[in-house]
Structure formats: C-alpha cells, structure tokens
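# Structural features, examined
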Amino acid sequence: RLSSQLVKFSCPEIESEKCLSETKLRKDDGKPRVIINVGDTVWTGTTAGYIYILKLDQNDKIQTIKRWQAHAGRIAALYSTNTHIWSCSDDDGNIHIWDIEKLCITKTIKPFGDNVKR
C-alpha cells in the first residue's frame, strides 16, 4: 500500500565564494578534457593533445608546473599509478606511459602494427 504523504526535500543554499586564483591555458592548447590528481599536483589533458601539470602554491595561486604536447590530437583519458601516468588519444590512437619523475615517455602502445615501442 502506498502512502499518500508527500516528502519534501530541501537543499542547503550555497554561497558563491570569491575566486582566489585563476589561470588560463593557452588558447591553441585546447580546452581541458580530462583531469586527474597526482600527489600534490593536478594533471589535465586537453582537446589539442597537451598535458598541463598544475599545482596550488602556498598562497593558493594556481601554478603551471609543466606543459607539453603529449599527443597529436585530443586526449581521451589519463590514468595514474604510483610511478607512471598513462595517456591515450582518440585521434592518434596511441597510449603513452609517462615516468612521473622524469616526465618522459617510457613506452608507447600503438593501435596497429608493432604493439609496444620503447
């Protein structure tokens, strides 16, 4: 048997806060598409294939630690392990495995042909 009573739900009001810090990505680098947390940094992959490493400094200002073109096209996903970041692109079809400390590719998995390139 169903109850005829109505249940009311309410949401707390959210006050808008003043923006403490703002940073802009370069226009030609594309728009952010994916984002992951790696230690005390945030990695974001863009629609133009760039990876940005961002960090909040002691004054809560966003700093760009590093940026580079990781793929020939849009980054579809980023995945973090303890020592590596995996990135893949919809456009070039490659999966790159990046060393977090050295910020270099340790392996590339290609969609066709040779499977793993070192």
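Above this text is the structure in question.
As the structure is a computational prediction, the values presented were derived from the model and not from experiment. Position labels on residues start from 1 in each chain and follow its written sequence. Predicted model: local features are reported for residues with pLDDT of at least 70 only, side-chain atom pairs are reported and counted for 80 or more only, and whole-chain, interface and lining totals are derived from all residues. Hydrogens and water are ignored here; the side-chain numbers use all heavy atoms of the structure.

## With respect to the overall build of the protein chain
A helix here means a DSSP run of H or I that spans at least four residues, while a strand means a run of E at least two residues long, and both kinds are numbered starting from the N terminus. Each helix and strand counted, the protein chain has zero helices and nine strands in total. Sequence separation of 24 or more characterises 25% of the internal contacts of the protein chain that already satisfy a separation of 6 or more. Accessible surface is estimated by sampling points in the Shrake-Rupley manner with a 1.4 Å probe; for residues, cover comes only from the protein chains shown. Carbon and sulfur atoms provide 50% of the accessible area of the protein chain, an area that totals close to 9300 Å². When checking whether two residues touch, look at their non-hydrogen atoms; a contact exists if any pair is within 4.5 Å.

## Some words on the pattern of salt bridges
Any carboxyl oxygen of Asp or Glu that lies within 4 Å of a side-chain nitrogen of Lys or Arg is treated as forming a salt bridge with it. Within the structure shown, the criterion is met by four salt bridges. A salt bridge links Arg67 to Asp29, with the nearest nitrogen and oxygen atoms 2.7 Å apart. In this pair, Arg67 is assigned in strand E4 (residues 62-69) and Asp29 in the segment before strand E1 (32-38), connecting sequence segments 38 residues apart. Throughout this description, buried means an accessible area under 20% of the type-specific maximum (1.4 Å probe, protein chains only), exposed means over 50%, and partly exposed covers the range between. Classification of Asp29 as buried rests on a relative accessible area of 2%. Between Asp40 and Lys55 there is a salt bridge; the shortest N-O distance is 3.0 Å. Residue Asp40 is located in the loop between E1 and strand E2 (41-46), and its partner Lys55 is located in strand E3 (residues 50-56); the two are separated by 15 residues in the primary sequence. Exposure remark for Lys55: the relative accessible area of 30% places this residue in the partly exposed category. What emerges from the salt-bridge pattern is a single network uniting Arg33, Arg74 and Asp90.

## Side note on the nonpolar core
Among buried residues, the Ala, Val, Leu, Ile, Met, Phe, Trp, Tyr and Cys ones that are joined through side-chain atoms within 4.5 Å form a nonpolar core. Counting residues in each nonpolar core, the largest one holds 13 residues, and the members touching the most others are Trp43, Ile51, Trp68, Leu78 and Ile85. Looking at this core, the elements with two or more residues in it are E1, E3 and strand E5 (75-80). Here the element with the most residues in this core is E1; it accounts for three residues.

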